[in-house]
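Structural overview
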Amino acid sequence: MKVTGSEALIKSLLEEGVDTIFGYPGGAIMPIYDALYSYMDKVNHILTRHEQGAIHAAQGFSRVSGKVGVCFATSGPGATNLITGIADAQIDSTPLVCITGQVPSHLLGTDAFQESDVIGISMPVTKWNYQITSSQEIPEIISKAFYIAKSGRPGPVLIDITKDAQFSDLNFKYKRCEKIRSYHPYPILDENKVSDAAELIDKSKRPMILVGQGVLLSNAEKELIEFSEKSGIPMASTLLGLSAVSCNHKNYVGYLGMHGNYGPNVKTNECDLIIAIGMRFDDRVTGDTSKYAINAKVIHIEIDPSEIDKIIKTEVAINADAKEALINLIPKIKKRSHEGWINEFKECDKLEYDKIIDKEINNKEDKILMAEVVNKISNLTKGNAIVVTDVGQHQMVTSRYYKFNKPNSNITSGGLGTMGFALPAALGSKIGKKSREVIAIIGDGGIQMTIQELATISQYKIGVKILILNNNFLGMVRQWQELFFDNRYSFTEMENPDFNVISDGYRIKNNIVERKKDLDDAIEEFINFKGPYLLNVIVEKEENVFPMVPSGESVSNIRLE
């Protein structure tokens, strides 16, 4: 079948099962958009209002659907506007295929209009990238792109296609890629290492499981619960591991990290064994690594060999997919109970509740606190919504107070910490899981970075619920300035626009809550409304998020106030 390179691209995407694309057209990718016009009955294209919006939407779509997210952008500024999202996807292991247009091949390197070296720019933040200069390459390269993006530890791939390659003809034939020479994404499980791990687990007295996003990426939620229930070992979650296990599970002891729960943080240095599954010992989890897990041996189950022994030295390293490792580990361990050890976490929970949680969710003052808002939403949705957060205080509060009950329900920017992530990621999440309630919880700073995506939500009538926790500050930075920089609030106070008037302009239903007595009714309307809705809640201006492990300190030094 003789087709143009542009049509070959669309046909290749269809062969990979792509049904949704996020993008923004421009001169260098116009032939691809022209080809797409003939396939609008087979592919749903979402026109975002910025290329950063397109790639964050593709991330949200991928994270909830388990599919490879796809986005289009033109050359030059279109391509460079994708870079933040690509870097975000790389560090958070999100499979994406990004297609960018490029100037004709004879103009490469001439500083032609809207030319940029997107291959050079994106190389440090992609799993793989490639520039196509001949239409003949398109089917094979697209097939490789999808295989690389979704195999092993997932990640983003960028394919740059010159304009002449989009126009020229080829005989189209597609074959899905199943292997690439010298690329081995799935390590061979070492049974001896599994046996060594089982021996350590059976001998341990105070073990703890650290649940990372790798559990979700490998669909190992069922195996994780079986492993914990058989071994009796408590489970704590990283930020990106949240929702891998229900917060209501009897062995779940909370959220790790700088603003995580008191128990799992402080007990890290009282463990005699840590079983880390699909996590990379990020500095927000470890604090001072020289004072981390000082009494514990470490078992690390991780598919990416570069993450093993990179930060925390292991006693047993199992380089494998989390699901495969757990399936093989479960039969080798003894049935045990660690009820006394788990009760120690419950004592920590009581201390944290008395010192912090009770005062926040049962706030008796007139001011509205972030925690009580999130807690009310969690209760009303029974923990079953997909919650998409931006970056800042609201992100940490949501991670603490939303009681996730279903897998792949916590969508956030973890490693890169990208402000502006939530609004486009939420619309992508809703398209990826139309049957689920999707709630974006965003700070007043973050929403202004990608606020134009309200237009996308309005145009396509995407039923996302948008909650702004509005304190007229860059709250997390302000908290650090208060605690560590003598209250010197250097350029963190914000004079915000009227978000409700803006929402009116985009024809999105909205409400504002300034008085505590109006909060319950407003949240109920917000949740029950059919369609997109923006709720602007004016919260306490100088609220701090505790517990907190000060940056660079030991997790044992976690502060409750």
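Residues numbered from 1 in each chain as written. Predicted model: local features only at pLDDT ≥ 70, side-chain atom pairs only at ≥ 80, totals over all residues. Heavy atoms only, no water.

Tracing the backbone through its elements, the reader meets Lys-430 in helix α18 (residues 422–432). Of the side chains with opposite charge, Glu-437 lies nearest to the buried Lys-430, which makes no salt bridge, at 5.1 Å. When sequence neighbours within four positions are dropped, the list of residues in contact with Lys-430 reads Arg-436, Glu-437, Val-438, Ile-462, Gly-463 and Val-464. (Helix = DSSP H or I, 4+ residues; strand = E, 2+ residues; numbered from the N terminus. Buried < 20%, exposed > 50% of the residue type's maximum accessible area, 1.4 Å probe, protein only. Lys, Arg positive; Asp, Glu negative; His and termini not counted. Salt bridge = Lys/Arg side-chain N within 4 Å of Asp/Glu carboxyl O. Contact = heavy atoms within 4.5 Å.)

Each domain of the protein was delimited in the assignment, giving domain 1 (2–171), domain 2 (191–344) and domain 3 (363–538). Each of domain 2 and domain 3 was reduced to a C-alpha centroid, and the two centroids are 31 Å apart. Counting residues at the interface gives 17 residues for domain 2, matched by 19 residues for domain 3. Summed over both partners, the interface of domain 2 with domain 3 comes to about 1400 Å²; 59% of that surface belongs to carbon and sulfur atoms. When the buried area of domain 2 at its contact with domain 3 is split by residue, Leu-239, Ser-243 and His-259 rank highest and sum to 37% of it. Our enumeration of links across domain 2 and domain 3 arrives at 0 salt bridges. At the boundary of domain 2 with domain 3, the tally comes to 6 residue pairs in polar contact (both at pLDDT 80 or more). Its residues placed into classes, the side of domain 2 that touches domain 3 shows 8 nonpolar, 6 polar and 3 charged. (Domains from an automatic or database assignment. Buried area = accessible area lost by both parts, 1.4 Å probe. Polar contact = N/O pair within 3.5 Å; in protein donor to acceptor, adjacent residues only side chain to side chain. Nonpolar A, V, L, I, M, F, W, Y, C, P; charged D, E, K, R; others polar.)

So, about unusual backbone geometry. Residue Pro-547 is bonded to the preceding Phe-546 through a cis peptide linkage, with omega at 0 degrees. When you line up the elements, Pro-547 lands in the segment after β20 (533–538). Backbone geometry places Phe-281, a non-glycine residue, at a positive phi of 55 degrees. Checked against the element boundaries, Phe-281 lands in the loop between β12 (273–277) and α13 (283–286). You can call Phe-281 buried: its relative accessible area is 2%.

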